[in-house]
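Okay, here's what each chain looks like letter by letter:
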Amino acid sequence: MPSEAPKGENCVVDMDSKAGDLFTAEDAHPTGTGGAGLLAKFGFPKGFSVGVAKEWIDKRRLSIRPWASFVDQRKFSKPRNFGELCQRVVKNVETYNSNYTFIFLGLILYCIISSPMLLIALAVFAGAFYIIHLKSLESKLVIMGKELTVPHQMSLAGAISLPVFWLAGAGAAVFWVLGATLFVIGSHAAFRELENSDMEELLMEPV
């Protein structure tokens, strides 16, 4: 009588193959490599992947101006008039765009970390979306004759977690982040003197 492979081994092989499919973009959806296969399983847009986000961050990091020069107190002064103020704001926002972006992201991160309730609210939202999406993979979710797409599922997860966000004071957190960002960036852009190259560029512009 021919020997048969133990059922346990078959289970291990099947689980390994499924795990491979989960993280392999080509088997799931052509969204890229690496973690993109996992994102494809969750129905994220075709162009969205961990690689795209990492590439965006890397580009921002490469264009960052030196932080020592960014906060050099010797290069801060009060603008002489409103015209110079406007020139400084426009040119500094253009020059230090990446620095300001990371300041904004840092303020968001600080706001989330410093608020346990906000962390709980985000966890509830992520959990609700995960469960809803798993259900949609098992069978199509239809409400009022329309199938729930990924944006609809995220909206439903947001509606479910809305009371928790309200208790966590998410609205106040958003306004705090926006206010702090405008204050920090606006103050720096207004009082930071322009670089010599920027001044020469302004002088060369036709009146």
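Residues numbered from 1 in each chain as written. Predicted model: local features only at pLDDT ≥ 70, side-chain atom pairs only at ≥ 80, totals over all residues. Heavy atoms only, no water.

**Looking at the overall build of the protein**
So, point 1. A tally of helices and strands in the protein yields eleven helices and two strands.
So, point 2. Listed N to C, the secondary structure of the protein is α-α-α-α-α-α-α-α-β-β-α-α-α in terms of helices and strands.
So, point 3. Every one of the 207 residues in the protein was classed for burial, and the buried ones make up 26%.
So, point 4. Considering only contacts in the protein between residues 6 or more positions apart, those separated by 24 or more positions represent 66%.
So, point 5. As displayed, the protein offers around 14,500 Å² of accessible surface, 68% of which is attributable to carbon and sulfur atoms. (Helix = DSSP H or I, 4+ residues; strand = E, 2+ residues; numbered from the N terminus. Buried < 20%, exposed > 50% of the residue type's maximum accessible area, 1.4 Å probe, protein only. Contact = heavy atoms within 4.5 Å. Areas by Shrake-Rupley, 256 points an atom, 1.4 Å probe, with all protein chains shown as cover.)

**A look at helix 10 (residues 170–191)**
So, point 1. Along its 22 residues, helix 10 runs 31 Å from first to last C-alpha, staying within 8% of the 32 Å computed at 1.5 Å per residue.
So, point 2. In this structure, the buried residues of helix 10 make contact with helix 5 (67–70), helix 6 (82–95), helix 7 (97–113), helix 8 (116–138) and helix 9 (150–167). (Expected span 1.5 Å × (residues − 1).)

**Re the confidence of the model for the protein**
So, point 1. Overall, the predicted model of the protein reaches an average pLDDT of 75, with 70% of residues at or above 70.
So, point 2. Predicted confidence is poor over residues 5–48, with pLDDT under 50, and the contacts of this stretch with residues over four places away or in other chains come to 46 contacts. (pLDDT = per-residue confidence, 0-100.)

**Here we look at the pattern of salt bridges**
Between side chains of opposite charge, pairing is possible as soon as their charged atoms come close.
So, point 1. Applying the stated rule across the entire model yields four salt bridges.
So, point 2. For glutamate 84, the salt bridge goes to arginine 88, with nearest N and O atoms at 3.2 Å. Here glutamate 84 and its partner arginine 88 are both found in helix 6, four residues apart, which amounts to about one turn of the helix.
So, point 3. The buried category is assigned to glutamate 84, whose relative accessible area is 16%.
So, point 4. Ionic pairing is found between lysine 91 and glutamate 94, a salt bridge with its closest N-O pair at 3.8 Å. With lysine 91 and glutamate 94 both in helix 6, this residue pair falls three residues apart, about one helical turn.
So, point 5. Given a relative accessible area of 7%, lysine 91 falls into the buried group.
So, point 6. The class for glutamate 94 is exposed, based on a relative accessible area of 53%.
So, point 7. When salt bridges that share partners are traced, they join Arg80, Glu84 and Arg88 into one network. (Salt bridge = Lys/Arg side-chain N within 4 Å of Asp/Glu carboxyl O.)

**Digging into the packing of helix 8 against helix 9**
So, point 1. At a minimum axis separation of 8 Å, helix 8 and helix 9 run at an interaxial angle of 150 degrees. Comparing the axis directions of helix 8 and helix 9 gives the class roughly antiparallel. Considering the relative orientation of helix 8 and helix 9, their crossing is right-handed. Touching Met117, Leu118, Ile120, Ala121, Leu122, Val124, Phe125, Ala128, Phe129, Ile132, His133 and Ser136 of helix 8 are Val150, Gln153, Met154, Leu156, Ala157, Gly158, Ile160, Ser161, Val164, Phe165 and Leu167, all from helix 9.
So, point 2. Its residues assigned to classes, the contact of helix 8 with helix 9 shows 18 nonpolar, five polar and no charged. (Axes fitted to C-alpha atoms, helices over the stretch in contact; angles between N-to-C directions. Parallel < 35°, antiparallel > 145°, perpendicular 65-115°, else oblique. Left-handed = near helix turned anticlockwise from the far one by under 90°. Nonpolar A, V, L, I, M, F, W, Y, C, P; charged D, E, K, R; others polar.)

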